[in-house]
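Descriptive structure summary
Residues per chain are reported as follows:
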Amino acid sequence: MTSTIATAIQDGDLRLRDVADNPRLEARLLLAHALGLTRADLIRDPHRHIETGTFNDLLSRRLRREPLAHILGRREFWSLEFQVSPATLIPRPDSETLIEAALARYAGAPPPRRILDLGTGTGCLLLALLHEFPAAFGIGADIAPDAARLARRNAVQLGLADRAAFIVDDWTNALNGRFDLVISNPPYIPAADIPGLMPEVSLHEPRRALDGGSDGFDAYRTILRDLPSRLLPGGAAILELGAGQARDVVALAREGGFGCSLHLDLAGIQRAIVISRTGD
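Below you will find a few notes about this structure. Please read all numbers here as calculations on a predicted model, not as lab measurements. (Residues numbered from 1 in each chain as written. Predicted model: local features only at pLDDT ≥ 70, side-chain atom pairs only at ≥ 80, totals over all residues. Heavy atoms only, no water.)

What to know about the packing of helix 1 (residues 5-15) against helix 4 (residues 53-63)
Running from N to C, helix 1 and helix 4 cross one another at 15°; their axes reach a closest spacing of 11 Å. Between helix 1 and helix 4, the angle falls in the class roughly parallel. In this structure, helix 1 meets helix 4 at a crossing whose hand is right-handed. Residues Ala8, Asp11, Gly12 and Arg15 of helix 1 form the contact with helix 4, whose participating residues are Phe55, Asn56, Leu59, Ser60 and Leu63. Looking at the contact of helix 1 with helix 4 residue by residue, the class counts come to four nonpolar, three polar and two charged. (Axes fitted to C-alpha atoms, helices over the stretch in contact; angles between N-to-C directions. Helix = DSSP H or I, 4+ residues; strand = E, 2+ residues; numbered from the N terminus. Parallel < 35°, antiparallel > 145°, perpendicular 65-115°, else oblique. Left-handed = near helix turned anticlockwise from the far one by under 90°. Contact = heavy atoms within 4.5 Å. Nonpolar A, V, L, I, M, F, W, Y, C, P; charged D, E, K, R; others polar.)

Structure representation (structure tokens):
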């Protein structure tokens, strides 16, 4: 089948209205991907005639609720581009709150030199921090070998491979060192809630990266229990929070003898907790 670029975008917009928040943007992104063009190319020549077979195939995948990032194979985070795959969570703008919290934590202070990212996934948190702290070295740990390999590819792509290492590890079991900064977006969805998530998440993202146990706090308990042996004096941990979880995680942190503060995301949700040892 053939069409003009403008007509193809209009058709994609109409077809995606029940599955996408911004169907016209997604239609443009899918068409550019199908044609091997940029969005600027589409704008420059809207009346160009094109073959639409590949575009229609991509639309069909999206209509089956496959995440746009999986179809495109990439996602932007902190103005950096990351490869994505079904082996990892897709980077989300909410998680940028952790990077903002880290920058605030070290504003006017010596920057972190050793960073540990637990459950690194695509490596987006660690690599964004290495981009911001050019003297730092980081380790990303993930239980999934495919995730660790993907994070390594992203480090190479971003020119950060010489300052990052990625290991396959169940949290910190294989590690002996201490760090200035520990960062993590842990699984925090209560197990029973996962089937009710949007299909793009419940059907396509790895359950191990979502499932926080019966109450959603299993990973926080594990991380907090291990933190005293992972943090250097004066060090901090920054963890992502699910909506409505801040009070409980603060309580867990204080029970462990930690001090903490909270950071809001753009929607006003308490999204990041900064944890430090009392007295540091």
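Looking at the pairing of strand 8 (residues 179-184)
The two faces of the sheet receive side chains in turn, since in a regular strand these alternate between them. Counting buried positions over the six residues of strand 8 gives six, a clear majority of the element. Relative to strand 8, strand 5 (residues 114-118) runs parallel, the two being bridged by four bridges. By the bridge assignment for strand 8, Asp117 is matched with Ile183. (Buried < 20%, exposed > 50% of the residue type's maximum accessible area, 1.4 Å probe, protein only. Pairing = 2+ DSSP bridges.)

Section: the packing of aromatic side chains
Taken as a whole and judged by the stated rule, the model has three aromatic pairs. Judged by centre distance (5.9 Å) and plane angle (75°), the rings of Tyr106 and Phe133 are edge-to-face. Taken together, the residues Tyr106 in the loop between helix 6 (96-105) and strand 5 and Phe133 in the loop between helix 7 (124-132) and strand 6 (137-142) connect sequence positions 27 residues apart. With centroids separated by 6.1 Å and ring planes inclined at 45°, the aromatic side chains of Phe217 and Tyr220 adopt a geometry described as tilted. (Phe/Tyr/Trp six-rings, centres within 6.5 Å; stacked < 30°, edge-to-face > 60°.)

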